Amino acid sequence: MPTTATPEQLQLVEDRASNVAQMFFDRVAASPNREAYRFPDADENWHSLTWSETGNEVTKLAAALLALGIEPEDRVAIVSGTRYEWIFADLAINAAGAATTTVYPTTTVDDEVYILSDSASRIVFAEDDEQVEKLKAKKSELPDVIKVVTFDSTLNDGDWIISFTDLEALGAEHLAANPTAVEDRVATIEPGHLATLIYTSGTTGRPKGVRLSHDGWTYEGAAIAAGGFLSIDDLEFRWLPMAHSFGKVLLTTQLQVGFPAAIDGRVPKIVENLAIVKPTFMGAAPRIFEKAYGRIVGMMEEEGGAKLKIFRWAEGVGREYSKAQREGRSIGVGLKAKHAVADKLVFSKIRDRFGGRVRFFISGAAALSSDIAEWFHSAGVLILEGYGLTESSAGSFVNHPDAFKLGSVGLPMPGTEARVAEDGEILIKGPGVMGGYHNLESESATTVTEDGWLHTGDEGRVDEDGFLFITGRKKELFKTSGGKYVAPPHIEGIFKGISSLTSQIVVHGSERNFCSALITLDPDAVAEWAEANGMSGKSYTEVVRSPQIQEIISGQIEELNSRLNQWETIKKWAVLDDDLSVESGEITPSMKVKRNVVEANNKALLDSFYAD
């Protein structure tokens, strides 16, 4: 696949910082008095810190890690949701020359012990009492952990468990005696040194630790910045899990460009926070856009009457206008006039829900329904889909505001090579590709070739303009007993664009004689529907089992089937009594469905579909 990058973009990538810590301190020096971060306190009041203040804080934390004996490439873990302390800890770990081991707060105790032991993490930053209790209960199984540092816990013992404030004080003391300690350590960090160890959540077996270097992260930040679509005057809202590679890409992009970021990882607060923060862009997983789409469309469907008719008319106008824009066709006076009315009555109100200033969203971590992407674009909200894996430091392809194709994952980032193998698999090569799986040499060798090509496991095609379209995942593609191949994500994406009630749909049919589906509904959408349809006070299970809901989903399955090949159509389906969740183990913290877990949990139901 030929590169689409300009010589100027490639030069910007080539001239990047030598390590993440240097990247950070270069940013502090370049814009010391500009805002770096803002975050809410317990009373929902937002506070702001400049780059200079952030630099001072990170330096103290890094010095404290040095005082505790942290050596280059030692692992230091963070077990926490997304908050500003997570980012400060991560920057400090890298500034101390160490590597961050990321752990989701929802990780089971057994997996957490495995990750901390396999990584040989020396220190653990733990968010709150819940996370500290998990560590205390397994202390005897964590001989490498010399200290636990808490962000917000009452369980500090002043010895094995200390507070964030205690760590800062230790750092200030160490700096008083060794003023250049952090600066000296940063100067020793090589581009190829380990910066982050991310354990993939996986669908089977133990998590695998992906070894990612400083060079990969500085590349990611520089490559996105080279695209030229972000500036220091942008404002990001960041809720994504920082334990996920997407979050780290946003961080290093921020260091390269210098825009401020508002930080709050509480998912239920996203829409409320968008209205308060009024960001110009945000990164998110597709589920966030699906939920917003479902909420808006569902509210209008329940409203009914004239408002729904106006909404549907505006949708039609918006889609026509969007299509003309994307095809580069001139837009006639009549369509312009209708679109102006539709924008005033409908679309402007949708944009206001996101704060009114969003220039674009960036979607990653899973496939986004092209129907939903088109719906948002028709409302004047551009979603730029990107693509990559944890094993490629997340970002390998991305759409740009002035060069995008809905349904694609964009163009290769400057400095990344990609090709589609004869069997359709996408292969990636570049600075972002991992250094292998931690302590798993044989698996590393089968995933990354000797000459540096990463086997993604995804299948795709490249169009005449160089845009990549993901056509399926090799492991997800299945064949029916009739010999027909089916790509579940394609079918599932279409259905999510049809059904505003749906949370998840899992298409099943490997070696079966037809396709079936397991469906879950969004609890918020169900509650709103129940309120509007005489079922207020009924439980989620009672509502989703009701004949009215079953009839709605049946009609939506019929619409889905009308858009599929005959062998892809859904012959039998069921709405499950509960939505999928991280806690149930059926979805990952980055909101990817674990198909094998869902199918195993519902084996009897699936078997009953084919009993005849």
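Our subject is the structure that appears above.
Quick caveat, the model's predicted, so the values are computed rather than measured.

Quick notes on helix 14 (residues 333-353)
At 3.6 residues per turn, the α-helix brings residues three or four places apart onto the same side.
Then, in step 1: The first and last C-alpha atoms of helix 14 sit 29 Å apart over 21 residues, in line with the 30 Å expected at 1.5 Å per residue.
Then, in step 2: Along its length, helix 14 reaches its greatest deviation from straightness, about 55°, at Asp343.
Then, in step 3: Turning to helix 14, its buried residues number three or more, namely Leu335, His339, Ala342, Asp343, Val346, Phe347, Ser348 and Ile350.
Then, in step 4: Where helix 14 is buried, its residues touch helix 12 (286-303), helix 13 (305-326) and helix 15 (370-378).
Then, in step 5: One or two residues past the end of helix 14 sits Gly355, with phi positive at roughly 100°.

A word on the sheet that holds strand 17 (residues 417-420)
Then, in step 1: Ordered by their spatial adjacency, 4 strands build an open sheet running 17-18-19-20, and the pairing between neighbours is antiparallel. With one partner strand each, in any of the chains shown, strand 17 and strand 20 (468-473) form the two edges of the open sheet. Taken pair by pair, the neighbouring strands of this sheet meet at an average axis angle of 45°, ignoring direction.
Then, in step 2: In the sheet, strand 17 pairs with strand 18 (residues 425-429) via 4 bridges, with the strands oriented antiparallel. Considered in strand 18, the bridge of Val420 is made with Ile426.

Some words on the sheet that holds strand 8 (residues 194-200)
Then, in step 1: Strand order in this open sheet of 7 strands is 7-6-5-3-4-8-9, and the pairing throughout is mixed. In this open sheet, the two strands that pair with only one neighbour each are strand 7 (161-163) and strand 9 (208-213). Averaged over all pairs of adjacent strands, the angle between their axes in this sheet comes to 25°, without regard to strand direction.
Then, in step 2: Direction of pairing for strand 6 (residues 147-152) relative to strand 7: parallel, over a ladder of 3 bridges. Bridge pairing links Thr150 to Ser163 in strand 7.

Quick notes on the nonpolar core
Then, in step 1: One finds Tyr37, Phe125, Phe311, Ile350 and Phe376 to be the most contacted residues of the largest nonpolar core, which totals 124 residues.
Then, in step 2: Ignoring any residue separated from it by four or fewer positions in sequence, one finds Ile350 in contact with Ile296, Phe311, Trp375 and Ala379.
Then, in step 3: Grouped together as the second largest cluster of nonpolar side chains are 28 residues, Val486, Ala525, Val526 and Leu560 included.

Some details on the side chain of Ser393
Then, in step 1: Note on placement: Ser393 falls in the loop between strand 14 (383-387) and strand 15 (397-398).
Then, in step 2: Within the structure, the side chain of Ser393 is placed 2.7 Å from the backbone oxygen of Gly432, a separation counted as a polar contact.
Then, in step 3: Residues in contact with Ser393, not counting those within four places in the same chain, are Leu212, Gly216, Trp217, Glu220, Ser245, Val249 and Gly432.

Describing a nonpolar patch on the surface
Then, in step 1: Among the surface-exposed residues, Ile310, Trp313, Val341 and Leu345 lie close enough to one another that they form a single nonpolar patch of about 330 Å² accessible area.
Then, in step 2: Elements with a contribution of two residues or more to the nonpolar patch: helix 13 and helix 14.
Then, in step 3: Inspection of the secondary structure puts Trp313 in helix 13.
Then, in step 4: Taking the relative accessible area as the measure of exposure, Trp313 reaches 35% and is therefore partly exposed.

A look at the packing of helix 12 against helix 13
Then, in step 1: Two numbers describe how helix 12 lies on helix 13: the axes approach to 7 Å, and their chain directions differ by 140°. Our classification of the angle between helix 12 and helix 13 gives oblique. Counted together, Ile296, Val297, Met300, Glu301 and Glu303 of helix 12 and Gly305, Lys307, Leu308, Phe311, Arg312 and Glu315 of helix 13 form the full contact between these two elements.
Then, in step 2: The residue inventory of the contact of helix 12 with helix 13, partitioned by class, reads 5 nonpolar, 1 polar and 5 charged.

Procedures and definitions
Residues numbered from 1 in each chain as written. Predicted model: local features only at pLDDT ≥ 70, side-chain atom pairs only at ≥ 80, totals over all residues. Heavy atoms only, no water. Helix = DSSP H or I, 4+ residues; strand = E, 2+ residues; numbered from the N terminus. Expected span 1.5 Å × (residues − 1). Bend = angle between axes of the 7 residues up to and from the residue. Buried < 20%, exposed > 50% of the residue type's maximum accessible area, 1.4 Å probe, protein only. Contact = heavy atoms within 4.5 Å. Pairing = 2+ DSSP bridges. Axes fitted to C-alpha atoms, helices over the stretch in contact; angles between N-to-C directions. Core = buried A, V, L, I, M, F, W, Y, C linked by side-chain atoms within 4.5 Å. Polar contact = N/O pair within 3.5 Å; in protein donor to acceptor, adjacent residues only side chain to side chain. Patch = residues over 30% accessible without salt bridge, like charges linked within 9 Å, V, L, I, M, F, W, Y side chains within 5 Å. Areas by Shrake-Rupley, 256 points an atom, 1.4 Å probe, with all protein chains shown as cover. Salt bridge = Lys/Arg side-chain N within 4 Å of Asp/Glu carboxyl O. Parallel < 35°, antiparallel > 145°, perpendicular 65-115°, else oblique. Nonpolar A, V, L, I, M, F, W, Y, C, P; charged D, E, K, R; others polar.

Note that all results are geometric; they support no functional claim without further evidence.
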